[in-house]
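Commentary on secondary and tertiary structure
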Amino acid sequence: MSAAVKTCLVVDDSRVIRKIMRRILEDLGFEVAEAGDGLEALAWCRAAMPDVLLLDWRMPVMDGLDFVRRLRLEAGGGGGPKVILCSVENDLANIREALDAGADEYVMKPFDGDIVAAKLGLVGLAA
Amino acid sequence: MITQANREWIADLCATRAGLKVDPDKAYLIENRLAPVARRDGFGSLAEFVESLRQRGEERLVWAAVEAMAVSDTTFFREPGLIERLVGEVLPRLAAARPGAPIRIWSAACGAGQEVYSLAMALSEHPALAARTELFASDLSERSLEKAQAGLYSQLEVQRGLPARLLVRHFEKPGEMFALSAPIRQMVRWRRVNLVEDMSQLGVFDLVLCRGLIPALTEAGRARVLGSLTAALAPGGWLALGAGEDPPGWLEPEGSGLFTARASAVRSAA
């Protein structure tokens, strides 16, 4: 067991998705916070940087890609939290674009608990 | 849908033909696996299919049934760190120990090919090592082999264990399915192998992977399969099993399900 509880920020404009994600993450032992768009998420990160973000792509105000670019810019030099982009976009070009923008992993919706757990493992945050 | 007596007959058949342990009480599982086979072959019902197997015993259908019961679930990069360790440590050691000779690797019970392809993708980033390596994969099921060779995977399958970076590097998406690129697919040679039969013609291998099959076998099946797998190990070869699967005691444990056959131990056990 690691010493500190890992924190995850779920960023999605759908309350339903946030609720599903929260349940999955809490079952995996994460402490969960929620944000409804990229701008809200940015405010969260400036106040208390999570270990990992599960980030929707299409959102109002600031979308996931804009958010992750801003986040990487602010953190500088490849630092900052792990970012897993979650989207209904399932073309390889989209996934490539997300990785180029600074996402570490990518989940295609629909997802389930096993997929989320596996992706967290891939970014080095196995519960 | 299938009577208890018929389920017991199926269980016996699987044990005899392939060393498979099938629980005759699991009606749902048996029906789930066999119904598609019955449908494919134009039988009106599952009961009719099983009756025909028992009465006529047509080999092709008997094997279709056994293979359907044997199909297992596999994922890419199933054991975290294993592929990295093979490519980073085990294969370089084998390469150094036998300069000039090919490193022969066998993925036994390969299912839809995710394990051997995980290794192929990892190897593709080490061209010198890849050039020395020969990848073989086998399964009992012709249908699994066909799927593996085609290299077509669903969205669910590519999300289980496969890093997104490898997905975009090695796959294309011509339609709904994700298609593994030809250069990776062409690294692997395929063959149908029943691990409880005589396999001496397959030759010997420097690394044998068989992860997850052992618990699905009967007591006798386990002994046969482990005997075959270890007999196929070259002196100094490595065996990779799943978590909690133990090989004969003369193999040296190396952690993460890996075991080595010391040259002397192989000879004394033979």
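Look a little higher up for the structure.
The next point concerns the interface of chain A and chain B. Contacts between the two partners involve 19 residues from chain A and, on the opposite side, 16 residues from chain B. In total, about 1,400 Å² of surface goes out of reach between chain A and chain B, with carbon and sulfur atoms giving 58% of it. If you look at where chain A meets chain B, you find one salt bridge. Of the charged contacts, one joins lysine 173 of chain B and aspartate 91 of chain A as a salt bridge, the two residues approaching to 3.7 Å between their closest N and O atoms. Elements represented by at least two residues in the side of chain A that touches chain B include exactly helix 4 (92-101), strand 5 (105-108) and helix 5 (113-122) of chain A. Its residues placed into classes, the side of chain A that touches chain B shows 11 nonpolar, one polar and seven charged.

Residue and element names in this part refer to chain B. Put simply, helix 1 (residues 4-18) and helix 3 (residues 46-56) touch, their axes get as near as 11 Å, and they point 55 degrees apart. Judged by the angle between their axes, helix 1 and helix 3 are oblique. As for how helix 1 packs across helix 3, the hand of that crossing is left-handed. On helix 3, the residues that touch Ala5, Asn6, Trp9 and Ile10 of helix 1 are Val50, Glu51, Leu53 and Arg54. In the contact of helix 1 with helix 3, the residues fall into five nonpolar, one polar and two charged.

The description of two aromatic rings rests on the distance between their centres and on the angle between their planes. Residues and elements named next belong to chain B. Applying the stated criterion across every chain, the model contains seven aromatic pairs over all chains. Ring centres of phenylalanine 76 and tyrosine 153 lie 5.1 Å apart, and the angle between their planes is 70 degrees; this geometry places the pair in the edge-to-face category. Highlighted residues: phenylalanine 76 in the loop between helix 4 (59-70) and helix 5 (82-97) and tyrosine 153 in strand 3 (residues 152-153), separated in sequence by 77 residues. As far as burial versus exposure is concerned, phenylalanine 76 and tyrosine 153 are alike and both buried. With a centroid separation of 5.5 Å and 70 degrees between ring planes, the pair formed by tyrosine 117 and tryptophan 190 is classed as edge-to-face. One end of the pair, tyrosine 117, is in helix 6 (residues 114-123); the other, tryptophan 190, is in strand 6 (residues 188-192), and 73 residues separate them in sequence. Considered together, tyrosine 117 and tryptophan 190 belong to a single accessibility category, that of buried residues. Aromatic ring contacts, followed pair by pair, group Phe76, Tyr153 and Phe171 into a single cluster. For lysine 173, the ring lying beneath its charged end belongs to phenylalanine 178, and the centroid distance is 5.4 Å. Residue placement shows arginine 192 over the ring face of tryptophan 63; its charged tip is 4.9 Å from the ring centre.

This brings us to the sheet that holds strand 4 (residues 82-87) of chain A. Residue and element names in this part refer to chain A. What the five strands build is an open sheet, ordered 2-1-3-4-5; its pairing is parallel. Sheet topology places strand 2 (31-35) and strand 5 at the edges, where each strand pairs with a single neighbour. Neighbour to neighbour, the strand axes of the sheet diverge by 20 degrees on average, direction disregarded. Summarising the sheet, strand 4 and strand 5 pair through four bridges and their orientation is parallel. Looking at strand 5, one finds that leucine 85 is bridged to tyrosine 106. Each of strand 1 (7-11), strand 2, strand 3 (52-56) and strand 4 touches helix 1 (residues 15-27); the most contacted strand, strand 2, lies at about 165 degrees to it.

Residue and element names in this part refer to chain A. One can find aspartate 37 in the loop between strand 2 and helix 2 (38-47). The side chain of aspartate 37 is buried and forms no salt bridge, while arginine 18, the nearest opposite charge, is found at 8.3 Å. A distance of 2.8 Å separates a polar atom in the side chain of aspartate 37 from the backbone nitrogen of leucine 39. Among the polar contacts listed, one links the side chain of aspartate 37 to the backbone nitrogen of glutamate 40, at a separation of 2.9 Å. Ignoring anything within four residues of it in the chain, the contact list for aspartate 37 reads Val11, Met59, Pro60, Val61 and Met62.

To find leftover empty space, one rolls a probe the size of a water molecule over the atoms. Residues and elements named next belong to chain B. Summed over all chains, the structure comprises two cavities of 30 Å³ or more. Within this model, the largest cavity holds a volume of roughly 80 Å³. Thr74, Thr75, Arg78, Ala108, Ala109, Cys110, Glu115 and Arg211 are the residues that line the largest cavity. Around the second largest cavity sit Thr75, Phe77, Arg78, Glu79, Leu82, Ile83, Glu115, Ser118 and Arg211, which together line it. Taken together, the elements giving at least two residues each to the lining of the second largest cavity come down to helix 5 and helix 6. Among the residues making up the lining of the second largest cavity, the classes are represented as three nonpolar, two polar and four charged.

Calculation criteria
Residues numbered from 1 in each chain as written. Chains lettered and ligands numbered in written order. Predicted model: local features only at pLDDT ≥ 70, side-chain atom pairs only at ≥ 80, totals over all residues. Heavy atoms only, no water. Contact = heavy atoms within 4.5 Å. Buried area = accessible area lost by both parts, 1.4 Å probe. Salt bridge = Lys/Arg side-chain N within 4 Å of Asp/Glu carboxyl O. Helix = DSSP H or I, 4+ residues; strand = E, 2+ residues; numbered from the N terminus. Nonpolar A, V, L, I, M, F, W, Y, C, P; charged D, E, K, R; others polar. Axes fitted to C-alpha atoms, helices over the stretch in contact; angles between N-to-C directions. Parallel < 35°, antiparallel > 145°, perpendicular 65-115°, else oblique. Left-handed = near helix turned anticlockwise from the far one by under 90°. Phe/Tyr/Trp six-rings, centres within 6.5 Å; stacked < 30°, edge-to-face > 60°. Buried < 20%, exposed > 50% of the residue type's maximum accessible area, 1.4 Å probe, protein only. Lys NZ or Arg CZ within 6 Å of the ring centre and 35° of its normal. Pairing = 2+ DSSP bridges. Lys, Arg positive; Asp, Glu negative; His and termini not counted. Polar contact = N/O pair within 3.5 Å; in protein donor to acceptor, adjacent residues only side chain to side chain. 1 Å grid on protein atoms, 1.4 Å probe; cavity = no way out; pocket = protein on both sides within 12 Å on 5 of 7 lines; lining within 4 Å. Points joined across faces, edges and corners; volume = space filled by probe spheres on them.

That's the geometry; what it means functionally is another story.
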